[in-house]
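Reading the structure
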Amino acid sequence: MEKRHKILEIENMQTYYGDSHVIQGLSMHVYEQEAVSIIGRNGAGKTTTLRSIMGLTPPRSGNIFIDGRQTTRWQPHKISRLGVAYVPAERHIFPGLSVEENLRLAARPGSGEDAWTFEKVCEHFPVLADRSHQDGATLSGGQQQTLAIGRALISNPRIIIMDEPSQGLSPILVQTITDVVLKFCVQSGITLLIVEQNYQMALKVASRHYLMDTRGEIVNNMTTRQLEDNPEIIQAHLSV
Ligand SMILES: Nc1ncnc2c1ncn2[C@@H]1O[C@H](COP(=O)(O)OP(=O)(O)OP(=O)(O)O)[C@@H](O)[C@H]1O
């Protein structure tokens, strides 16, 4: 049987903020072209996990492998050069730069006809094309989230790491962003690791889910089907 390639693997990761032990032995993996979510309560440690992967808050111990390389102590810019795009919850649109400049700064050449370019972003996201000269920081929340995703795509990444894209958005915009993530990331074969408190969105976009408890530990790893068949598990972990 063909062995699937793990594009991300984390072994027994321990991450601290000072004396505060936030991630207490996290292990997980993401296969190439898989869409995986981390679901957990407010404050569980989901953002910290992503920051550790990106080298922004390095773990104190444990191992992180990206595409087979041990990246645990790497600087963030070196990690992103491996083809890892990070979409933080705050979106981090560069103020004072236009939508086009925000996109062009992130652009990296891709291979093949499907590669993302500024023109391709404009074609698929008319909302960004219409506002290409507008200061990115003056966009609405949903538009900024679209820009943040467009910025990830234009870097032609191997994996997108997305932190709570639904944060602060109305239900209609959550639906719009869900459709964007499904169509342009999941269905086009970009590997995705997404963190969400909105478990309904997580179930729609990802096919496998890690449930995180409040000590930053993974307590379960289930498929969408298994979670849909056992809603009490979501209740227990999310107090919904
Ligand atoms: N810079 C920081 N310094 C100290 N403690 C922090 C810092 N950032 C986060 N924490 C704490 O670490 C824990 C995990 O936070 P984290 O943001 O990773 O959780 P989360 O699951 O992403 O929650 P949320 O959905 O609220 O973002 C929380 O108790 C939080 O208060």
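Above: the structure in question.
An account of the accompanying structure is given in this report. (Residues numbered from 1 in each chain as written. Predicted model: local features only at pLDDT ≥ 70, side-chain atom pairs only at ≥ 80, totals over all residues.)

Time to look at the environment of threonine 178. Its location among the elements puts threonine 178 in helix H7 (residues 171-186). With 22 residues separating them in the primary sequence, threonine 178 and glutamine 200 have C-alpha atoms 9.9 Å apart. When neighbours within four sequence positions are excluded, threonine 178 is seen to be in contact with Met201, Lys204 and Val205. (Helix = DSSP H or I, 4+ residues; strand = E, 2+ residues; numbered from the N terminus. Contact = placed C-beta atoms within 7 Å.)

Attention shifts here to helix H3 (residues 99-106). Looking at H3, one finds that the buried residues are Val99, Asn102, Leu103 and Ala106. Within H3, the buried residues cover an arc of 95° as seen down the axis, which keeps them to one side. (Buried ≥ 20, exposed ≤ 12 C-beta atoms within 10 Å, placed from the backbone. Arc of directions from axis to C-beta.)

Moving on to helix H6 (residues 141-153). The first and last C-alpha atoms of H6 sit 18 Å apart over 13 residues, in line with the 18 Å expected at 1.5 Å per residue. Burial runs high along H6: eleven of the 13 residues are buried. Within H6, the full set of buried residues consists of Gln143, Gln144, Gln145, Thr146, Leu147, Ala148, Ile149, Gly150, Arg151, Ala152 and Leu153. At its buried positions, H6 is contacted by strand E6 (84-87), H3, helix H4 (118-124), helix H5 (126-130), strand E7 (159-163) and H7. (Expected span 1.5 Å × (residues − 1).)

Despite not being glycine, asparagine 12 shows a phi value in the positive range, around 45°. A residue is classified by how many C-beta atoms lie within 10 Å of it, and asparagine 12, with 13 of them, is partly exposed. A positive phi is found at aspartate 67, a non-glycine position, where the angle reads about 55°. Along the chain, aspartate 67 turns up in the loop between strand E4 (61-66) and strand E5 (69-70).

Before going further, it helps to spend a moment on the nonpolar core. Grouped together as the largest cluster of nonpolar side chains are 64 residues, with contacts concentrated most on Ile160, Ile161 and Leu192. Top contributing element to this core by residue count: H7, with seven residues. Once residues within four sequence positions are removed from consideration, isoleucine 160 is found in contact with Ala85, Val87, Ala152, Cys185, Ile190 and Leu192. (Core = buried A, V, L, I, M, F, W, Y, C linked by C-beta atoms within 7 Å.)

Turning to the site of the ligand, a few remarks are in order. The full set of residues close to the ligand is Tyr17, Ser20, Val22, Gly40, Asn42, Gly43, Ala44, Gly45, Lys46, Thr47, Thr48 and Gln197. Secondary-structure elements contributing two or more residues to the shell around the ligand are strand E2 (20-31) and helix H1 (46-53). Per-class residue counts for the shell around the ligand are three nonpolar, eight polar and one charged. (Near = placed C-beta within 6 Å. Nonpolar A, V, L, I, M, F, W, Y, C, P; charged D, E, K, R; others polar.)

The N-to-C vectors of H3 and H6 enclose an angle of 30°; their axes lie 8 Å apart at closest approach. Considering their axes alone, H3 and H6 lie roughly parallel with respect to each other. Here the hand of the crossing between H3 and H6 comes out right-handed. Residue-level contacts link Val99, Asn102, Leu103 and Ala106 of H3 to Leu147, Gly150 and Arg151 of H6. Taken together, the residues that form the contact of H3 with H6 break down as four nonpolar, two polar and one charged. (Axes fitted to C-alpha atoms, helices over the stretch in contact; angles between N-to-C directions. Parallel < 35°, antiparallel > 145°, perpendicular 65-115°, else oblique. Left-handed = near helix turned anticlockwise from the far one by under 90°.)

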